[in-house]
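Understanding the architecture of this molecule
Listed below are the residues making up each chain.
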Amino acid sequence: MLRCVFLLMCLLHLKHTILGAVTPKPILINGTYINPELGKYHARLRSLARSCLEIKENHGGTQDGIYILTTESGTYYQAFCDMSTAGGGWTLVASVHENNIKGKCSVGDRWSSQQGNDQNLPEGDGAWANTATFGSAESSTSDDYKNPGYYDITAQDVSVWHIPNDEQLRNWTSSAILRYHTESQFLRQHGGNLYHLFKKYPVRFRAGQCKSDTGAVSPVVYDTGDKDSTTKLYGPSAGKEFESGFTTFRVFNSDQAAMAMCSGIKPTECNPQHYCIGGGYFPQRQQCGDFTGLDLREAASKQLTESSVLLFYRLEAH
Amino acid sequence: MLRCVFLLMCLLHLKHTILGAVTPKPILINGTYINPELGKYHARLRSLARSCLEIKENHGGTQDGIYILTTESGTYYQAFCDMSTAGGGWTLVASVHENNIKGKCSVGDRWSSQQGNDQNLPEGDGAWANTATFGSAESSTSDDYKNPGYYDITAQDVSVWHIPNDEQLRNWTSSAILRYHTESQFLRQHGGNLYHLFKKYPVRFRAGQCKSDTGAVSPVVYDTGDKDSTTKLYGPSAGKEFESGFTTFRVFNSDQAAMAMCSGIKPTECNPQHYCIGGGYFPQRQQCGDFTGLDLREAASKQLTESSVLLFYRLEAH
Amino acid sequence: MLRCVFLLMCLLHLKHTILGAVTPKPILINGTYINPELGKYHARLRSLARSCLEIKENHGGTQDGIYILTTESGTYYQAFCDMSTAGGGWTLVASVHENNIKGKCSVGDRWSSQQGNDQNLPEGDGAWANTATFGSAESSTSDDYKNPGYYDITAQDVSVWHIPNDEQLRNWTSSAILRYHTESQFLRQHGGNLYHLFKKYPVRFRAGQCKSDTGAVSPVVYDTGDKDSTTKLYGPSAGKEFESGFTTFRVFNSDQAAMAMCSGIKPTECNPQHYCIGGGYFPQRQQCGDFTGLDLREAASKQLTESSVLLFYRLEAH
């Protein structure tokens, strides 16, 4: 670092090459990085921020990809930023990946319960409303994922991508079967992110009733697909029980079992276990799991159940 | 970085603005960080050390919070430092979090066994004496946590915090139900940390006998609570079987089942499964788990069983 | 950073000490790091690269140990580099650790299935061919390990170390019971790493037949041990069913169950479940697990089943 300064001072003032020996070693020669990877790393560090939106607006980040973020407490982590969709500035904070649709609240069901379907755990593992983190951005189509941004970032809207399982990052946008975002700023009334929303509306058995106690509903704007393609991703039977073009958080079924999210839809009946995901304890065991009972009664297409649900946050774009 | 040097050289020597174009981009203007988050990050890097005590003593770190540490081998990780209690310099290296008191050695019981109660695994998963790591500092009240400092840092004393589950970092101190530390330097005789202590005193079924083979006992100094409040956190029946004001590591019950830690107390009877935590195989299955049999016979209060046990290390403060 | 530049400029040009007050604080005095740990960190950053081979060849890294790597997408991670064996430049990308030889596809069996032996999951958890990552370099003898290099690094050859469980990094080489590497560049024909090899040759029940559908075989060069010591690590019965001095990837048994890797050997019979590891669904449950049925029929020595299998990658050394 210092030596490169000397190299430049030499250009400016000549003959200080004797001093060239001092440590540390140079990282630049004539203002260019000796190691281009280090240059890329420093470029990422220069845009260090609390969210992808700040990177875009304060530091001119325009490329989709992995950036470095920090929490309020100063925990550093890497996250994927979507800088393209509807103005960009979207931070990937979580993914819901079903590793075994027949495994009912088994290992890998981090958004419901890895403990089996246990009445002693009305909220299951509680991941929707705690600070546990798991997985990584690059593996978010192969494993459940939750980073510190999920609870740390202040947001108004969400963006949701459905990406076929095991698809690699570089192909996410092109392989997406459904992508949409909200513009209603609905998170403003719920504490500024899903962590706070689910503290307010717990994903807990018997915490409410079907219809009367739904947490939040917002209309969506489509980025890939539309209302019809959304409906088609679910089964013919399920299609009669919801309205597409919305996204819904925290619903109950007729057994008072809670689910976290209905992606792309607003339920109109009381069987959300066939078209909503995540959840706690279910009186009917076969409904328990990250993807609940989407495998039952041909409620959802293989295309949907074999895709991961990626969740992004964004504060109002300026 | 370089350009900012130029900016300053301009102030000093004038007119080198032509050179202003060279990469990399500046991170400072007139000696102030363009991106304050990067300034905070560089401040943390400047105090990079093997432990929080070194950060406090060698680099003037005085704020509680997340810092960057390194192991002897050069693995970098982030840890929480308590710079306030009894002189500060305490490194959070682990937390024991019970995700399901009724789940007996089930998924999430990383300090006992995630394999069920299995006689083929007399040490359970063995986490007390191996280098496996899991969780993160910010999620240590929502998940089991163990960082490389657990085996890498050389310490003499421990500090222990009992924090209600899911409490966020900023509220830990104010919400603690019990906090104490040792000053006996007991770890000096046991290899300098708990990793080495438990290599010497394995948490293994049949590795010893109740009372005669207890690993280590130390008196404690209270930072939150006292002997009476400690006793009250356990049940009335349990209270007759231990002396509070101590902390104990590696004990056996009358079945020769091993437990890792008795927090705030010294057992005087042979039923530690009701007031000590962690462990390996238990002849009585319902005693197996991160919080063993604390749920049985009203041995412990809900307040205790629904709090996480945070473990800190410190070498002698100078 | 800047101030240290001033300190030097003062040495060179005198009297700019007034400016000495500007932030940020210095990290160097007279060209030497105030904090030696920061110096080590910057030295590691200077060699930031996509693989250990690049660190060795482009940045002069010659010491075995932990270095910082990046994926194509810009995810940063720490990995162990073997800079000594057969020219060095080997990147540790994974380890297969059996946490419970009797636990058949139970928690911790990340290279087979944590879901039990489930016919609905013919590939088990699918870790051999997806981008899920887990564990860390320093804990790769105490836990399963897979870093982003597994799918990101382009390689031609592999190196394999068998290290007793729970052995610490500093003792790996001296405690190894078997070490070998390939020089055949066999990965060139299979996409350049094991991730791509296993996409081509899935570790999936019924994806092929014993013998006719073996994925890849390569002769090996021994670094610790030899053909005889390899054979001895397996049981007397098993010894008649393979030829040592090779390493094999993706084989089937007579039930069409798939296994990922036969370490140090080439099967000549159709019972690889007794000498090959990893895998998906097994018609015979007791064969399912990271170490399959190595515990049955005294197929393998305790020395082998209680050691972790560390996997390294290397592109052709120049």
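Here is what the cut-offs are and how they apply
- Residues numbered from 1 in each chain as written.
- Chains lettered and ligands numbered in written order.
- Predicted model: local features only at pLDDT ≥ 70, side-chain atom pairs only at ≥ 80, totals over all residues.
- Heavy atoms only, no water.
- Helix = DSSP H or I, 4+ residues; strand = E, 2+ residues; numbered from the N terminus.
- Buried < 20%, exposed > 50% of the residue type's maximum accessible area, 1.4 Å probe, protein only.
- Contact = heavy atoms within 4.5 Å.
- Areas by Shrake-Rupley, 256 points an atom, 1.4 Å probe, with all protein chains shown as cover.
- Lys, Arg positive; Asp, Glu negative; His and termini not counted.
- Charge placed at Lys NZ, Arg CZ, Asp CG, Glu CD.
- Buried area = accessible area lost by both parts, 1.4 Å probe.
- Salt bridge = Lys/Arg side-chain N within 4 Å of Asp/Glu carboxyl O.
- Nonpolar A, V, L, I, M, F, W, Y, C, P; charged D, E, K, R; others polar.
- Arc of directions from axis to C-beta.
- Polar contact = N/O pair within 3.5 Å; in protein donor to acceptor, adjacent residues only side chain to side chain.
- Disulfide = S-S within 2.5 Å.
- UniProt positions renumbered as here; feature names shortened; annotations may be inferred.
- Least-squares fit on C-alpha atoms with pLDDT ≥ 70 in both.
- Pairing = 2+ DSSP bridges.
- Axes fitted to C-alpha atoms, helices over the stretch in contact; angles between N-to-C directions.
- pLDDT = per-residue confidence, 0-100.
- Phe/Tyr/Trp six-rings, centres within 6.5 Å; stacked < 30°, edge-to-face > 60°.

1. Points about the overall build of chain A
Secondary structure summary: chain A contains nine helices and 15 strands in total. The principal-axis extents of the C-alpha atoms in chain A amount to approximately 85 × 40 × 35 Å. Of all 318 residues assigned to chain A, the portion counted as buried reaches 64%. Long-range pairs, those at least 24 residues apart, make up 60% of the contacts in chain A with a sequence separation of at least 6. Surface accessibility of chain A: about 11,100 Å² in total, with carbon and sulfur atoms responsible for 49%. Here chain A holds 29 positive side-chain charges and 32 negative ones, and the gap between their average locations is 5 Å.

2. Remarks on the interface of chain A and chain C
Of the residues lining the interface, 36 residues belong to chain A; the matching set on chain C comes to 41 residues. Between chain A and chain C, a total of about 3,100 Å² is buried, with carbon and sulfur atoms accounting for 55% of that surface. Where chain A meets chain C, there are two salt bridges. For Asp 143 of chain A, the salt bridge is made with Arg 110 of chain C, and the minimal N-O distance between the two is 3.6 Å. Those elements giving two or more residues to the side of chain A that touches chain C turn out to be α1 (2-13) and α2 (36-46) of chain A. No other element matches α2 of chain A, which puts five residues into the side of chain A that touches chain C. Of the residues contributing to the side of chain A that touches chain C, the split by class is 14 nonpolar, 13 polar and nine charged.

3. So, helix α3 (residues 52-59) of chain C
All names here are of chain C. Burial in α3 covers these residues: Cys 52, Leu 53 and Ile 55. Taken end-on, α3 shows its buried residues confined to a sector of 165°, consistent with a single buried face. Looking at the buried residues of α3, the elements they touch are β3 (65-70), β4 (76-82), β5 (90-96) and β15 (307-314). Positive phi appears at Gly 60, one or two residues downstream of α3, with a value of about 70°.

4. A closer look at the interface of chain C and chain B
Facing the 35 residues of chain C at the interface are 40 residues of chain B. Together, the buried faces of chain C and chain B total about 3,100 Å²; carbon and sulfur atoms form 55% of this surface. Taken together, chain C and chain B are joined by two salt bridges. At the surface where chain C touches chain B, the tally comes to 18 residue pairs in polar contact (both at pLDDT 80 or more). When residues of the side of chain C that touches chain B are traced back to their parent elements, those giving at least two are α1 (2-13) and α2 (36-46) of chain C. Of all the elements, α2 of chain C adds the most residues to the side of chain C that touches chain B, at five residues.

5. Some details on the state of the cysteines
In a disulfide, the sulfur atoms of two cysteines are covalently bonded to one another. Residue and element names in this part refer to chain C. Here the structure, examined in full by the defined rule, presents 12 disulfides over all chains. Each disulfide pairs two cysteine sulfurs, and for Cys 105 the partner residue is Cys 288, the sulfurs being separated by 1.9 Å. In this structure, the disulfide formed by Cys 105 and Cys 288 twists by about -80° around the S-S bond and is classed as left-handed. Of the two residues, Cys 105 is situated in the loop between β5 and β6 (145-146) and Cys 288 in the loop between β14 (265-267) and α9 (302-305); the sequence distance between them amounts to 183 residues. For Cys 105, a relative accessible area of 2% corresponds to the buried category. According to the relative accessible area criterion, Cys 288 is buried, its value standing at 1%.

6. Let's talk about unusual backbone geometry
Residue and element names in this part refer to chain C. With phi around 70°, Asp 166 is a residue other than glycine that occupies positive phi space. The residue Asp 166 is located in the loop between β7 (157-164) and α5 (172-175) in this model. The class of Asp 166 is partly exposed, set by a relative accessible area of 30%. Unusually for a residue other than glycine, Glu 298 sits at a positive phi of about 45°.

7. A closer look at the side chain of Ser 308 of chain A
The topology assignment puts Ser 308 of chain A in strand β15 (residues 307-314). For Ser 308 of chain A, the contacting residues outside a window of four places in its chain are Val 96, His 97, Ser 140, Thr 141, Trp 161, His 162, Ile 163 and Asn 165 of chain A.

8. Regarding the UniProt feature "domain: Fibrinogen C-terminal" (unreviewed entry) in chain A
Per the UniProt record, "domain: Fibrinogen C-terminal" (unreviewed entry) is found at residues 43-93 of chain A. In this annotation, residues 43-93 of chain A is assigned 24% helix and 33% strand; the end-to-end C-alpha distance for the span is 22 Å.

9. Focus on the relation of the copies chain A and chain C
Of the transformation superimposing chain A on chain C, the axial component is 0.0 Å and the angular component is 120°, with the fit at an RMSD of 0.0 Å. Both copies are brought into coincidence by an operation consistent with a three-fold rotation axis. Scanning chain A for the C-alpha nearest the rotation axis identifies Val 107 of chain A, at a separation of 4.3 Å. Here only 14% of the interface residues in chain A have copies in chain C that are interface residues too; the copies meet through unlike faces.

10. Regarding the pattern of salt bridges
Side-chain pairing between opposite charges can occur once the charged atoms of the two side chains come close. Taken as a whole, this structure holds 27 salt bridges over all chains when the rule is applied. The residue Glu 306 of chain A makes a salt bridge to Lys 302 of chain A at a minimum N-O spacing of 2.7 Å. A relative accessible area of 60% means that Lys 302 of chain A is categorised as exposed. Across the pair Asp 152 of chain C and Arg 50 of chain C runs a salt bridge whose closest N-O atoms are separated by 2.9 Å. Of the two residues, Asp 152 of chain C is situated in helix α4 (residues 149-152) and Arg 50 of chain C in the loop between α2 and α3; the sequence distance between them amounts to 102 residues. The class for Asp 152 of chain C is buried, based on a relative accessible area of 11%. Classification of Arg 50 of chain C by relative accessible area gives partly exposed; the value is 23%.

11. Here we look at the sheet that holds strand β12 (residues 246-252) of chain C
All names here are of chain C. Spatial ordering of the open sheet is given by β9-β12-β13, a layout of three strands whose pairing is antiparallel. Two strands bound the open sheet, and with one partner strand each, they are β9 (216-219) and β13 (258-262). Taking each pair of neighbouring strands and ignoring which way they run, the sheet shows an average axis angle of 10°. With four bridges connecting them, β9 and β12 associate as antiparallel partners. Following the sheet pairing, Ala 216 is matched in β12 by Phe 249.

12. Topic: the sheet that holds strand β12 (residues 246-252) of chain A
Residues and elements named next belong to chain A. Pairing is antiparallel in the open sheet, where three strands are placed in the order β9-β12-β13. Lying at the two open borders of the sheet, with one neighbouring strand each, are β9 (216-219) and β13 (258-262). Neighbour-to-neighbour, the strand axes of this sheet turn through a mean angle of 10°, independent of strand direction.

13. Thoughts on the pairing of strand β13 (residues 258-262) of chain B
Most of β13 of chain B is tucked away: five of the five residues are buried. Count of turn residues in the strand β12 (residues 246-252) of chain B/β13 of chain B antiparallel hairpin: five residues, of which Gln 256 of chain B carries a positive phi of about 70°.

14. Topic: the confidence of the model for chain A
For chain A, the average pLDDT comes to 92, and 92% of its residues sit at 70 or higher. Low pLDDT (under 50) marks residues 1-22 of chain A, which in the prediction has 44 contacts with non-local residues, meaning those over four places away or in another chain.

15. Looking at the side chain of Ser 95 of chain C
Residues and elements named next belong to chain C. Among the secondary structure elements, Ser 95 is positioned in strand β5. In this structure Ser 95 comes out as buried when scored by relative accessible area, which is 0%. In terms of polar contacts, Ser 95 uses its side chain to reach the backbone carbonyl oxygen of Asp 143, at 3.3 Å. For Ser 95, the contacting residues outside a window of four places in its chain are Trp 111, Ser 140, Asp 143, Asp 144, Tyr 145, Val 309 and Leu 310.

16. Digging into the packing of aromatic side chains
A ring pair, where both rings are aromatic, is described by two values, the distance of the centres and the angle of the planes. Following the criterion strictly, the structure yields 51 aromatic pairs over all chains and no others. Centre to centre, the rings of Tyr 41 of chain A and Tyr 76 of chain C are 4.8 Å apart; their planes meet at 80°, and the pair counts as edge-to-face. Here the residue Tyr 41 of chain A occupies a position in helix α2, and Tyr 76 of chain C occupies one in strand β4, the pair thus bridging two chains. Comparing Tyr 41 of chain A with Tyr 76 of chain C, the two get one shared label, buried. Residues Trp 128 of chain A and Phe 198 of chain A carry aromatic rings whose centres are separated by 5.2 Å and whose planes lie at 55° to one another, so their mutual orientation is tilted.

17. Topic: α2 of chain A
Residue and element names in this part refer to chain A. Within α2, eight of the 11 residues are buried, which leaves the element mostly enclosed by the surrounding structure. Within α2 the residues assigned to the buried category are Glu 37, Leu 38, Gly 39, Tyr 41, His 42, Arg 44, Leu 45 and Arg 46. Among the residues of α2, the N-terminal cap falls to Asn 35, whose side-chain oxygen and the backbone nitrogen of Glu 37 are separated by 3.0 Å.

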